[in-house]
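Fold and geometry: a report
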Amino acid sequence: MTGTAAEVVGAVTDPELPMLTLAELGVIREVRQDEDGVLVTITPTYSGCPAMESIRADIRSALRQAGFGRAEVRTVIAPPWTTDWISASGRRKLAEAGIAPPGAAPVRATGPIPINLSPRPTAVSCPRCGHTDTETLAAFGATACRELRRCPACREPFEHMREI
Amino acid sequence: MAFDDAYHALTDHDDDARWAYGTGFVDKLAGVPGDLPDGVDRADLAEYCLMLGDDALILSHRLQQWVTRAPELEDELALANIGLDLLGQARLLLTRAGVAEGWGRDEDDLAMRRDPSGFRNVRLAERADADFAHLVARLFALSTWRLALLDRLTASRDPMLAAIAAKGVKEVTYHRDYAAQWVVRLGDGTPLSHDRMRAAVETLAPQLAELFLSHPTEARLAEAGAAVDPATLEAEFTQVWTHVLQTATLTAQPVPSGAADAQPSGRAGEHTPALAEILDEMQGVARSVPGGAW
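Everything numeric in this text was worked out from a predicted model, so none of it was measured.

**Considering the overall build of chain B**
Within chain B, the secondary structure is distributed over eleven helices and zero strands. If you list the helices and strands of chain B from N to C, you get α-α-α-α-α-α-α-α-α-α-α. Per-residue burial over chain B gives 57% buried out of 294 residues. A separation threshold of at least 6 residues defines the contact pool for chain B, and within that pool the share at least 24 residues apart is 77%. Total accessible area on chain B is roughly 11,700 Å²; 55% of this is exposed by carbon and sulfur atoms.

Next comes the structure, spelled out in structure tokens:
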């Protein structure tokens, strides 16, 4: 066997963001190993995220290839995943791939959730030239987790992983 | 037979795996627990999960119908992503409904094998949209209402409902922002966009009463601490609704109440013909080839 079960699971990459491992994405809650096999518990990023199904399959396949026997992958949805769980190395890799990493997730105050009627005011730096004043092109990108922005300095469009 | 991934479930030709009805693919969402908190009636909880799950499922399908019809590619992506979030919420809620009722029905049985009278969504979720202004007005109203509802449901005594709600709150927050920003952009836009947004809001307003009507199941479960009585959502809804319409330079349309009791209720399975039309499309393949595989 190569590495512990936790190391094998943690090194599996995300199908949508292949520059990130599952450990860096922050979706692994627990990897438990006993005589019956390995039990992996993960948290989905979004309720409808289609990547979760291949993530589960990739985890089982990686464990099998590393010589572990029976493997089960369970999903827990509470507490819900937040982009704050993406690690520092994950954020660096996103930026290197041209995707601006998420800032801090909004902190929920008491009372009704405030509505946001203007384009996102978040300060997002351009991952190509570092210019700090970029603008939103579209709130939804190719996936629910990414929005499309543009840098007025280098004039390049880029993706930004939204804070949730 | 079960598969580790959707690709093998789709491409295996040698067994009884089904794609048209069920995916032949083991999804651990089905690991949703079946235990219930004390004092919560099993049938009530199942019906309540259907109500919230059907709202999400039917609205999701309506949003999907806009893909290839939206004014801009960016909005197709937005509507598809919002529809996908809602479909994810529906899957969890329908699975929970099936587990709670205890008759062995799963999410596919509930989505694909019920007639219109078995659906418990509010009628506003099933309405067809005459144009994009109608769509964003309806999405704004439903998201505002669902967000207020899910936010309160995070305190449910049913831990599964509380968890589904906590996840959903994050998603519906940006659904509401998206729709409300369009209401403002069109309302406070050109004379033409203003007129069409105003027409959409005027058509929608009389249909809102249903959202705040308590069905006996909702009232009982709310009493037991597991659900949210929709009557408690009206004040927050009206505040957001009025604020957004004013920002959009539209006349605030009052949210009607009172006469609501006389209306038919989607929560009781009383629907418009629009639901049958959606189900014809959504369930068509699963029903025309029961157990079909290809």
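**Some words on unusual backbone geometry**
Look at the link from A78 of chain A to P79 of chain A: it is a cis peptide, with omega at -5°. With respect to the helices and strands, P79 of chain A occurs in the loop between β3 (71–75) and α4 (88–96). Phi at T68 of chain B is positive, roughly 80°, even though this residue is not glycine. Examined against the element boundaries, T68 of chain B turns out to sit in the loop between α2 (42–64) and α3 (73–101). With a relative accessible area of 67%, T68 of chain B lands in the exposed category. Positive phi is not limited to glycine here, since T249 of chain B has a value of about 55°. Tracing the backbone shows T249 of chain B in the loop between α10 (234–247) and α11 (273–288). Judged by its relative accessible area of 42%, T249 of chain B falls in the partly exposed class.

**Some remarks on the interface of chain A and chain B**
Contacts between the two partners involve 35 residues from chain A and, on the opposite side, 40 residues from chain B. Both faces considered, chain A and chain B share a buried interface measuring about 3,100 Å² in area, 61% of it formed by carbon and sulfur atoms. Close ionic contact of R91 of chain B with E53 of chain A constitutes a salt bridge, the shortest N to O distance being 3.1 Å. Counting across the interface, chain A meets chain B through eleven residue pairs in polar contact (both at pLDDT 80 or more). Of all the secondary-structure elements, those providing two or more residues to the side of chain A that touches chain B are α3 (51–65) and β3 of chain A. With five residues, the single largest contributor to the side of chain A that touches chain B is α3 of chain A. For the side of chain A that touches chain B, a count of residues per class yields 18 nonpolar, ten polar and seven charged.

**As for the domain arrangement of chain A**
Residue and element names in this part refer to chain A. For chain A, the domain assignment lists domain 1 (5–75) and domain 2 (98–103 + 120–161). Placing a centre on the C-alpha atoms of domain 1 and another on those of domain 2 gives a separation of 29 Å. Together, E16, L17 and Y46 form the three largest contributors to the area buried by domain 1 at its contact with domain 2, with a combined 86%. For the interface between domain 1 and domain 2, the tally reads one salt bridge. The salt bridge involving E16 is made with R146; its shortest N-O contact spans 3.8 Å. Where domain 1 packs against domain 2, one counts zero residue pairs in polar contact (both at pLDDT 80 or more). Here the residues of the side of domain 1 that touches domain 2 sort into four nonpolar, no polar and one charged.

**Quick notes on the pattern of salt bridges**
Residue and element names in this part refer to chain A. Per the stated rule, a full pass over the model turns up 25 salt bridges over all chains. One salt bridge in this structure joins E30 and R32, with 3.8 Å as the shortest N-O distance. Salt-bridge contacts for R146 lead to E159; the nearest nitrogen and oxygen are separated by 3.0 Å. Taken together, the residues R146 in strand β6 (residues 146–150) and E159 in strand β7 (residues 157–161) connect sequence positions 13 residues apart. Exposure class is identical for R146 and E159. Each is buried. Salt bridges sharing common partners tie together E16, R146 and E159.

**Topic: the nonpolar core**
General note: in soluble globular proteins, nonpolar side chains tend to be found buried as a group. Core analysis: the largest hydrophobic core is formed by 122 residues, its most contacted members being L63 of chain A together with Y48, M197 and W241 of chain B. With near-sequence residues (within four places) excluded, W241 of chain B lies in contact with F140, A141, V201, L204, A205, L208, Q253 and V255 of chain B. The next biggest cluster of nonpolar side chains, apart from the first, holds five residues, and it includes A100, V124, C151 and F158 of chain A.

**Points about the sheet that holds β3 of chain A**
All names here are of chain A. Taken together, the three strands give an open sheet; going across it, the order is β1-β2-β3, and neighbouring strands pair in mixed fashion. Where the open sheet ends on each side, the last strands, each with one partner, are β1 (28–34) and β3. The average angle at which neighbouring strand axes cross in this sheet is 15°, direction not considered. Inspection of the sheet shows β1 paired to strand β2 (residues 37–42) by six bridges, in the antiparallel sense.

**Some words on the sheet that holds strand β5 (residues 135–138) of chain A**
Strand pairing in a sheet takes place through backbone hydrogen bonds and is either antiparallel or parallel in direction. Residues and elements named next belong to chain A. On the basis of which strands lie adjacent, the open sheet formed by four strands has the order β4-β7-β6-β5 and mixed pairing. Only two strands of the sheet have a single partner each, and these edge strands are β4 (99–100) and β5. As paired elements, β6 and β7 share five bridges and run antiparallel to each other. Within the sheet, the bridge partner assigned to E147 lies in β7 and is H160.

So, how was this worked out
Residues numbered from 1 in each chain as written. Chains lettered and ligands numbered in written order. Predicted model: local features only at pLDDT ≥ 70, side-chain atom pairs only at ≥ 80, totals over all residues. Heavy atoms only, no water. Helix = DSSP H or I, 4+ residues; strand = E, 2+ residues; numbered from the N terminus. Buried < 20%, exposed > 50% of the residue type's maximum accessible area, 1.4 Å probe, protein only. Contact = heavy atoms within 4.5 Å. Areas by Shrake-Rupley, 256 points an atom, 1.4 Å probe, with all protein chains shown as cover. Buried area = accessible area lost by both parts, 1.4 Å probe. Salt bridge = Lys/Arg side-chain N within 4 Å of Asp/Glu carboxyl O. Polar contact = N/O pair within 3.5 Å; in protein donor to acceptor, adjacent residues only side chain to side chain. Nonpolar A, V, L, I, M, F, W, Y, C, P; charged D, E, K, R; others polar. Domains from an automatic or database assignment. Core = buried A, V, L, I, M, F, W, Y, C linked by side-chain atoms within 4.5 Å. Pairing = 2+ DSSP bridges. Axes fitted to C-alpha atoms, helices over the stretch in contact; angles between N-to-C directions.

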